[in-house]
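If you want the building blocks of each chain, they are given just below.
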Amino acid sequence: GKLWIGTKAGLSVLDPDTLTIERLPILSEVTSILEVNPGEIWVAADQLYSVVAGKVNQVEQIKSVVSQLAYAESYLWVSSSTFLYQRDLSGVWQQFALPAELAQMPIYDLAWVDGSLLLASEIGLYRLEQDGQIRLQALPDQSHVPVYQILQDSTGTIWLSAYRKLFYQAKQSSWQTVTAN
């Protein structure tokens with residue numbers, strides 16, 4: 001395999017066998033890289049790009065800066081400054097409007113947890129609901145602070161990294177909080 005390197009200056013790929021680095025024609029800050037199938041890479045930058053067999057393609061369906069990518073339940077999820085996009089296996093795109101307060105705010109992570117998509121943002125935790133609306137969710141302590149990372153590990157434990165707090169919930173247990181105090 002190859003090592004994909006996203007920086008503020010663009011995208012490069014390192015071949016570990018030859019130790020050569022190839023610079024690819026994405027010349028803006030890369031904020032997320034995701035491999036959805038062997039040899040199929042998606043890149044969040046000034047726009048959305050796909051890289052297949054070393055060929056870079058700009059995705060025409062999204063015309064704005066994209067920040068985060070996730071792949072779950074056979075869907076590619078893409079966050080931009082105004083919309084959340086979903087792409088199915090056949091290449092059909094659907095979009096969901098971000099709430100006004102979330103639009104233009106940094107989205108730090110997208111994660112599929114317990115059957116729904118969660119968005120970690122500067123202004124809190126959001127969930128894509130069944131009706132297609134994206135709504136603010138209270139954290140386990142009922143606060144609305146910045147959330148930076150969402151993870152469900154191999155044991156099923158859910159982890160939320162938030163401002164000055166780490167929340168976790170093991171399967172069939174209540175939420176626990178770790179603080180710096």
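Residues numbered from 1 in each chain as written. Predicted model: local features only at pLDDT ≥ 70, side-chain atom pairs only at ≥ 80, totals over all residues. Heavy atoms only, no water.

**Student:** Break down the overall build of the protein for me, citing the residues and quoting the values.
**Tutor:** Of regular secondary structure, the protein possesses zero helices and 19 strands. The globule rule puts the C-alpha radius of gyration for 181 residues at 16 Å, and the 17 Å found for the protein is close to it. Its C-alpha atoms give the protein principal-axis dimensions of roughly 50 × 35 × 30 Å. Scored against the burial criterion, the 181 residues of the protein give a buried share of 43%. Relative to all contacts within the protein whose residues are 6 or more apart in sequence, the contacts with residues 24 or more apart total 26%. A total of about 9900 Å² of accessible surface is found on the protein, and carbon and sulfur atoms cover 51% of it. For the protein, the distance from the average position of its 11 positive side-chain charges to the average position of its 18 negative side-chain charges is 3 Å. (Helix = DSSP H or I, 4+ residues; strand = E, 2+ residues; numbered from the N terminus. Rg over C-alpha atoms; globule rule 2.2 N^0.38 Å. Buried < 20%, exposed > 50% of the residue type's maximum accessible area, 1.4 Å probe, protein only. Contact = heavy atoms within 4.5 Å. Areas by Shrake-Rupley, 256 points an atom, 1.4 Å probe, with all protein chains shown as cover. Lys, Arg positive; Asp, Glu negative; His and termini not counted. Charge placed at Lys NZ, Arg CZ, Asp CG, Glu CD.)

**Student:** Hey, could you go over the sheet that holds strand 7 (residues 55-58) for me, with residue numbers and the actual values?
**Tutor:** Spatially, 4-5-6-7 is the arrangement adopted by the four strands of the open sheet, whose pairing is antiparallel. The open sheet is flanked by strand 4 (32-37) and strand 7, the only strands paired with a single partner. For this sheet, the mean inter-axis angle between neighbouring strands, taken without regard to orientation, is 25°. By the bridge criterion, five bridges tie strand 5 (residues 40-44) to strand 6 (residues 48-52) in an arrangement that is antiparallel. What sits directly across from Trp42, in strand 6, is Ser50. (Pairing = 2+ DSSP bridges. Axes fitted to C-alpha atoms, helices over the stretch in contact; angles between N-to-C directions.)

**Student:** Could you give an account of the pairing of strand 7, with specific residues and numbers?
**Tutor:** Of the strand pairs in this sheet, strand 6 and strand 7 are connected by four bridges, and their pairing is antiparallel. Paired with Val51 across the two strands is Val56, which belongs to strand 7. Linking strand 6 to strand 7, which pair antiparallel, is a turn of two residues; within it Ala53 sits at a positive phi near 55°.

**Student:** Tell me about unusual backbone geometry, and please be specific about residues and values.
**Tutor:** Not every positive phi belongs to a glycine, and Ser74 is a case in point at roughly 65°. With respect to the helices and strands, the residue Ser74 is situated in the loop between strand 8 (66-72) and strand 9 (75-80). Despite not being glycine, Gln104 shows a phi value in the positive range, around 75°. With respect to the helices and strands, the residue Gln104 is situated in the loop between strand 11 (93-97) and strand 12 (107-113). Gln104 gets classed as exposed once you look at its relative accessible area, which sits at 60%.

**Student:** So what's going on with the nonpolar core? Residues and values would help.
**Tutor:** With 14 residues, the main nonpolar core has Trp77, Leu84, Leu110, Leu119 and Ile134 as its most contacted residues. Contributions of two or more residues to this core are made by strand 8, strand 12, strand 13 (116-121) and strand 14 (124-128). When residues no more than four places from it in sequence are discounted, the contact partners of Ile134 are Leu84, Phe96, Ala97, Leu98, Pro99, Leu102, Leu119, Tyr126, Arg127 and Leu128. (Core = buried A, V, L, I, M, F, W, Y, C linked by side-chain atoms within 4.5 Å.)

**Student:** Tell me about the packing of aromatic side chains, and please be specific about residues and values.
**Tutor:** Scanning the entire structure with this criterion turns up eight aromatic pairs. Relative to Trp93, the ring of Trp42 lies with its centre 6.5 Å away and its plane at 70°, an arrangement referred to as edge-to-face. One end of the pair, Trp42, is in strand 5; the other, Trp93, is in strand 11, with 51 residues separating them in the sequence. Among the aromatic side chains, those forming a connected cluster through ring pairs are Trp42, Phe83, Tyr85 and Trp93. (Phe/Tyr/Trp six-rings, centres within 6.5 Å; stacked < 30°, edge-to-face > 60°.)

These figures capture arrangement, not role.
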